[in-house]
Amino acid sequence: MKRKAIELAAEELDRARDWGAPGTVARSLRVLGLLEGAEGIERLEEAVEVVSRAPSRLELAKSLAALGITRRLAGRPDYAREPLARAHELAEVCGAARLVTQIRTEMLA
């Protein structure tokens, strides 16, 4: 089941890259990276890089949060703090209350 989800997310990423919109590409990278877990950290880093050049602050917050969470779960909590702090700040600016709560919980973990 997870393999099929990864396959579908990879197809979505291919279509997003064809489309070329940074927010769409970043979202697809984020979803695929989360599905891949620790092996998806590079995709999450790419998502942050891609969306950093776009005005999509909420997607940047989501991508940073996903990167921080995945790094922590992969046993790299020291590398999780900075993206989580940035994600928290952006999520607050965007008024994304649920994301702020999720990030706060993660920062305490």
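Residue numbering note: each chain is counted from 1, following its sequence as written. For this predicted model, a pLDDT threshold of at least 70 governs which residues receive local features, and a threshold of 80 or more governs which side-chain atom pairs are given and counted, while totals over whole chains, interfaces and linings are taken from all residues. To obtain the side-chain values, all non-hydrogen atoms of the structure were used and water was disregarded.

*Asks:* Sorry, what's going on with helix H2 (residues 22-36) here?
*Replies:* Since one α-helical turn is 3.6 residues long, residues separated by three or four positions face the same way. Under the scheme used here, helices are H or I runs from DSSP no shorter than 4 residues and strands are E runs no shorter than 2 residues, and both carry numbers assigned from the N terminus. By this rule the span expected of a helix is its residue count minus one, scaled by 1.5 Å. A rise of 1.5 Å per residue sets the reference length of H2, with its 15 residues, at 21 Å; its end C-alpha atoms lie 21 Å apart and thus fit the reference within 8%. Here the term buried applies to any residue with accessible area under 20% of the maximum for its type, exposed to any over 50%, and partly exposed to those in between, with areas from a 1.4 Å probe on protein chains only. Buried within H2 are the following residues: Gly23, Val25, Ala26, Ser28, Leu29, Arg30, Leu32, Gly33 and Glu36. Any pair of residues with heavy atoms lying within 4.5 Å of one another is described as a contacting pair. The elements touched by buried residues of H2 are helix H1 (2-19), helix H3 (41-52) and helix H4 (57-73).

*Asks:* Looking at this structure, I do not really get the packing of aromatic side chains. What am I missing?
*Replies:* Two descriptors summarise a pair of aromatic rings, namely the distance from one centre to the other and the angle between the planes of the rings. Two rings from Phe, Tyr or Trp (for Trp, the six-membered ring) form a pair when their centres are within 6.5 Å of each other. A pair whose planes differ by under 30 degrees is stacked, one over 60 is edge-to-face, and the rest are tilted. Per the counting criterion, the structure on display carries 0 aromatic pairs. Look at NZ for Lys and CZ for Arg. If either is within 6 Å of the ring centre and within 35 degrees of the ring normal, a charge sits over the ring. The positively charged end of Arg76 is found above the aromatic ring belonging to Tyr79, 5.2 Å away from the centroid.

*Asks:* Looking at this structure, I do not really get the environment of Gln102. What am I missing?
*Replies:* Mapped onto the secondary structure, Gln102 falls in helix H6 (residues 97-108). Each C-alpha atom, one on Gln102 and one on His88, is 9.1 Å from the other, the two residues being 14 residues apart in sequence.

*Asks:* Can you help me understand the packing of H2 against H3 in this one?
*Replies:* The description of two packed helices rests on the angle between their axes and on the distance between the axes. A fitted line through C-alpha atoms represents every axis, and for helices the fit uses only the stretch in contact; the resulting angles, taken between N-to-C directions, go from 0 to 180 degrees. Following both chains from N to C, one finds H2 and H3 inclined at 165 degrees, their axes separated by 8 Å at the closest point. Here H2 is positioned roughly antiparallel relative to H3, judged by the angle of their axes. Crossing geometry of H2 relative to H3 is assigned as left-handed. For the pair H2 and H3, contact is made by Pro22, Gly23, Val25, Ala26, Leu29, Arg30, Leu32, Gly33, Leu34 and Glu36 and by Arg43, Leu44, Glu46, Ala47, Val50 and Val51, respectively. Orientation categories follow fixed angle ranges, with anything under 35 degrees roughly parallel, anything over 145 roughly antiparallel, 65 to 115 roughly perpendicular, and all other angles oblique. Crossings are sorted by hand: turned counterclockwise from the far helix by less than a right angle, the near helix makes the crossing left-handed, and turned clockwise it makes it right-handed.

*Asks:* Hey, could you run me through helix H5 (residues 81-94) in this one?
*Replies:* The end-to-end C-alpha distance of H5 is 20 Å, a good match for the 20 Å that 14 residues give at a rise of 1.5 Å each. Looking at the buried side of H5, the elements it contacts are H4 and H6. Positive phi shows up at Gly95, right after H5, with a value of about 75 degrees.

*Asks:* What is the right way to read the pattern of salt bridges from this model?
*Replies:* When a carboxyl oxygen of Asp or Glu is within 4 Å of a side-chain nitrogen of Lys or Arg, the pair counts as a salt bridge. Enumeration according to the criterion identifies 10 salt bridges in this entry. A salt bridge links Glu92 to Arg104; the shortest N-O distance between them is 3.0 Å. Placement of Glu92 in helix H5 and of Arg104 in helix H6 is noted, with a sequence separation of 12 residues between them.

*Asks:* I would appreciate a short explanation of the environment of Glu106 in the present structure.
*Replies:* Among the secondary structure elements, Glu106 is positioned in helix H6. Placed 101 residues apart in sequence, Glu106 and Ala5 show a C-alpha to C-alpha distance of 25 Å. Excluding residues within four positions of it along the chain, Glu106 makes contact with Ile69, Arg72 and Leu84.

*Asks:* Looking at this structure, I do not really get the nonpolar core. What am I missing?
*Replies:* In globular proteins that are soluble, nonpolar side chains generally tend to be buried together. Nonpolar cores were defined as sets of buried Ala, Val, Leu, Ile, Met, Phe, Trp, Tyr and Cys residues, with membership established by side-chain atoms within 4.5 Å. If you look at the biggest cluster of nonpolar residues, it comprises 29 residues, and the most contacted ones within it are Val25, Leu29, Leu60, Leu64, Ala91, Leu99 and Ile103. Of all elements in the fold, only H1, H2, H3, H4, H5 and H6 reach the threshold of two or more residues within this core. By residue number, the principal contributor to this core is H4, which donates 7 residues. In contact with Leu64, not counting residues within four places along its chain, are Val48, Pro83, Leu84, Arg86, Ala87 and Leu90.

*Asks:* Mind showing me how you'd approach the side chain of Glu36 here?
*Replies:* One can find Glu36 in helix H2. Polar contacts, as counted here, are pairs of nitrogen or oxygen atoms within 3.5 Å of one another; within protein the pair requires one atom able to donate a hydrogen and one able to accept it, and residues that are adjacent in sequence qualify only if both atoms are side-chain atoms. Separated by 2.8 Å, the side chains of Glu36 and Arg43 make a polar contact. Ignoring sequence-local partners within four residues, the contact set of Glu36 consists of Ile6 and Arg43.

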